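Listed below are the residues making up each chain.
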Amino acid sequence: MAGPDFDAEIKQLQATMHTIEQVLDLDAMRAEIAALGEEVAAPDLWDDQANAQRVTSRLSALNAEVDRFTELHGRVEDLGVLVELAREEGDADSLAEAETELGKVTKAVEALEVRTLLSGEYDAREALVTIRSGAGGVDAADFAEMLMRMYTRWAEAHKYPVEVFDTSYAEEAGLKSATFAVHAPYAYGTLSVEAGTHRLVRISPFDNQGRRQTSFAAVEVVPVLEQTDEIEVPEEEVKVDVYRSSGPGGQSVNTTDSAVRLTHIPTGVVVSCQNEKSQLQNKAAAMIVLKAKLLAMKKAEEEAHLRELKGDVAAAWGDQMRSYVLNPYQMVKDLRTGHETGNPQAVFDGDLDDFIEAGIRWRRGAERAAEN
């Protein structure tokens, strides 16, 4: 079997990296890094803690973006040097090493290229994810917990911090619902393609007759708000309930009524938070979640209005977007993109990047079709 055409493939990688550099606008990023560096050096930076947090987080995120591009650009250039030296010396082992590195670099460049497709209004934001069990009883609750673990494992693999706001445990096993934030630039744009209904088919571990069970869970992804977002929530529009935090099986984990549930009366949106130590902290965290969901609702209403003006130009995202089949065969398949794998365990362990990348490319294609 013939080896790769190194010259052609490296030339293509270099061209793709040049395009990525233009789209990311690295010069503008570096200028912003310099400006933020001056703000960070100011002695009164932490007088305004909220602004200091915003500045330092933005600086860290920009540095990470530039470092990621620079490191990958260096790998592409080093690959060319490695191939050239291996050819000059007739070194078959080095050529084999170059072929392996070519595969790894190509995958990394493709992943960075996908990142350039995230150009929506809120794509650069951090993400707020809510998972809810659906039809399927205890199996659905167990499935919701499996999905929670899947997304936290994915975040851990990328070194993205996860902050859990609320977990509502089911009586027998699993979760009724859970809400958590993924603190990383472009987390919303990346994870928004995971929103929808997920379906699990397996032999139920909760059925003593060993029957196959189909269960469902819903995933909702909204962007985390920033200070510049204008979402006003008058106090009289919010009903506040406090209750005692609880863990699995209803076991008390707090001896005071510190958990908080907020109900937005005009829309009926309900959010809760029980993972902080005090009622005030939980109320503040719950308000963050509530405002994020109200912003997402506002955006959805605006998009629905635009669709009405344009007419039905394309099929919307299917509600059921991915199937996880563990019996009678092993497969995970995305019903929108067609992407699939025969290794469900790897997916449940957080190996989601290929599904996410396929989803982002599919969505961009659908957007372009709608524009035309």
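Just so it is clear, the structure is predicted and the values come from calculations on it, not from any experiment.

S.K.: Give me the lowdown on the packing of helix H4 (residues 92–115) against helix H9 (residues 353–371), citing residues and values where you can.
M.R.: Direction vectors running N to C along H4 and H9 enclose 45 degrees, while the axes themselves pass 10 Å from each other. One element, H4, and the other, H9, form an angle in the oblique class. For the pair H4 and H9, the sense of crossing is left-handed. Here Lys107, Glu110, Ala111, Glu113 and Val114 of H4 come into contact with H9, specifically with Asp354, Glu357, Ile360 and Arg361.

S.K.: Requested: an account of the pairing of strand E7 (residues 259–264), with residues and values cited.
M.R.: In terms of burial, E7 is largely enclosed, as five of its six residues are buried. Alignment of strand E6 (residues 238–243) against E7, held across six bridges, turns out to be antiparallel. Residue pairing across strands places lysine 239 opposite threonine 263, the latter belonging to E7. Alignment of E7 against strand E8 (residues 269–273), held across five bridges, turns out to be antiparallel. Across the sheet, residue leucine 262 finds its bridge partner in E8, namely valine 271. Here E7 hands over to E8 after four residues, with glycine 268 in that stretch at a positive phi of 80 degrees.

S.K.: Talk me through the confidence of the model for the protein; I want residue IDs and the actual numbers.
M.R.: On average, residues of the protein carry a pLDDT of 86, and 91% of them reach 70 or more. Every residue in residues 309–318 is under pLDDT 50, and counting partners more than four places away or in other chains gives six contacts.

Reading the values: the criteria
Residues numbered from 1 in each chain as written. Predicted model: local features only at pLDDT ≥ 70, side-chain atom pairs only at ≥ 80, totals over all residues. Heavy atoms only, no water. Axes fitted to C-alpha atoms, helices over the stretch in contact; angles between N-to-C directions. Helix = DSSP H or I, 4+ residues; strand = E, 2+ residues; numbered from the N terminus. Parallel < 35°, antiparallel > 145°, perpendicular 65-115°, else oblique. Left-handed = near helix turned anticlockwise from the far one by under 90°. Contact = heavy atoms within 4.5 Å. Buried < 20%, exposed > 50% of the residue type's maximum accessible area, 1.4 Å probe, protein only. Pairing = 2+ DSSP bridges. pLDDT = per-residue confidence, 0-100.

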